[in-house]
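Residue-level structure breakdown
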Amino acid sequence: SAVISQKPSRDICQRGTSLTIQCQVDSQVTMMFWYRQQPGQSLTLIATANQGSEATYESGFVIDKFPISRPNLTFSTLTVSNMSPEDSSIYLCSVEDRGSYNEQFFGPGTRLTVL
Amino acid sequence: AQTVTQSQPEMSVQEAETVTLSCTYDTSESDYYLFWYKQPPSRQMILVIRQEAYKQQNATENRFSVNFQKAAKSFSLKISDSQLGDAAMYFCAWGTNTGNQFYFGTGTSLTVIP
C-alpha cells in the first residue's frame, strides 16, 4: 500500500491569500486525487491529477481557484487561491493503487482555516 | 450519475456487540468496486474492506464483513465484537474498475459504548 504525506498538516490563513498544499507518495502512481472535506461532511472530489497532463476538475471547481501541479509520478500540489472563510476545510490527497483493486489510499489531510 | 447513500448519520453499539451500517448505491455499470473506509477523529482515512462487484461471495476481514446484494445495490458493513477503537466515521464508497471515478457516501458516525 502507498504511504502518503501532506504538508502542511494545518494552517490558518487570512482572507485573500493563497496556500499551496503538497502531497508526496512513497511510490510512483499514475492517478492522484484531491478532495475537500468540510466539517462533519463527506468527501468531495476537487480534481484528478495525472502526470504529464492537465488536471481534470469536477463540477463546481475551477483551475483558477484550485490550480494543481503534477510534476512527476510521486508528487502533486494543490493551491487554494484568493481564500475566503468558505474555503475552510480539510483537503485530502489520495492515490489509486491499480494493483490493489483500484482502492484509494489517503494522506492525513491538511486542515485549513481561513479568517 | 453514480450516487452512494448512507441513510444512518449516526449509530451506536455496545462494546462486544454487533452493528450493521447500511449503504446503497446507484449505477448503471456492471463492473465496479465497493469500499468501506474508516475515518477516526485523527482523520486519516483507512480502508476497512473492499468488494468486487463481479464476486458473489461477501468479503470478510477479521471482525468486518459485508452483505453485498448486487441486484438491490446494497452494500452493508457488519462489525462484530465491537471495540472502542471502532468508533469513527465510516464512509461507503463506489469506484469504477478503471479507477478514474470514486464516489463517497455521506458517512455514518459510529459510537461504541463501553
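The notes below deal with the structure included here. Quick caveat, the model's predicted, so the values are computed rather than measured.

The rules behind the values
Residues numbered from 1 in each chain as written. Chains lettered and ligands numbered in written order. Predicted model: local features only at pLDDT ≥ 70, side-chain atom pairs only at ≥ 80, totals over all residues. Heavy atoms only, no water. Helix = DSSP H or I, 4+ residues; strand = E, 2+ residues; numbered from the N terminus. Buried < 20%, exposed > 50% of the residue type's maximum accessible area, 1.4 Å probe, protein only. Contact = heavy atoms within 4.5 Å. Buried area = accessible area lost by both parts, 1.4 Å probe. Salt bridge = Lys/Arg side-chain N within 4 Å of Asp/Glu carboxyl O. Polar contact = N/O pair within 3.5 Å; in protein donor to acceptor, adjacent residues only side chain to side chain. Nonpolar A, V, L, I, M, F, W, Y, C, P; charged D, E, K, R; others polar. Phe/Tyr/Trp six-rings, centres within 6.5 Å; stacked < 30°, edge-to-face > 60°.

Residue and element names in this part refer to chain A. When you line up the elements, T48 lands in strand β5 (residues 43-50). According to the relative accessible area criterion, T48 is buried, its value standing at 9%. Sequence-distant contacts of T48, that is, excluding residues within four places in its chain, are made with M31, M32, F33, A55 and T56.

Moving on: the interface of chain A and chain B. The partner chain B presents 20 residues to the 23 residues of chain A that form the contact. Interface area, chain A with chain B, both sides summed: about 1800 Å², of which 49% is carbon and sulfur. Applying the counting rule to chain A against chain B returns zero salt bridges. For the interface between chain A and chain B, the tally reads four residue pairs in polar contact (both at pLDDT 80 or more). With four residues, the top contributor of residues to the side of chain A that touches chain B is strand β4 (residues 31-37) of chain A. Looking at the side of chain A that touches chain B, its residues break down into eight nonpolar, ten polar and five charged.

The tally for this structure, following the rule as stated, stands at 17 aromatic pairs over all chains. With 5.6 Å between their ring centres and 90° between their planes, Y35 of chain A and F104 of chain B make a pair best called edge-to-face. Residue Y35 of chain A is found in strand β4, and its partner F104 of chain B is found in strand β11 (residues 102-104); the two belong to separate chains. Of the two residues, Y35 of chain A and F104 of chain B, both sit in the buried class. An angle of 25° between the planes, with centres 6.2 Å apart, marks the rings of W36 of chain B and F75 of chain B as stacked. With W36 of chain B in strand β5 (residues 32-39) and F75 of chain B in strand β9 (residues 74-79), the pair connects residues that are 39 residues apart, well separated along the chain. Summarising the burial analysis for this pair, W36 of chain B and F75 of chain B share the class buried.

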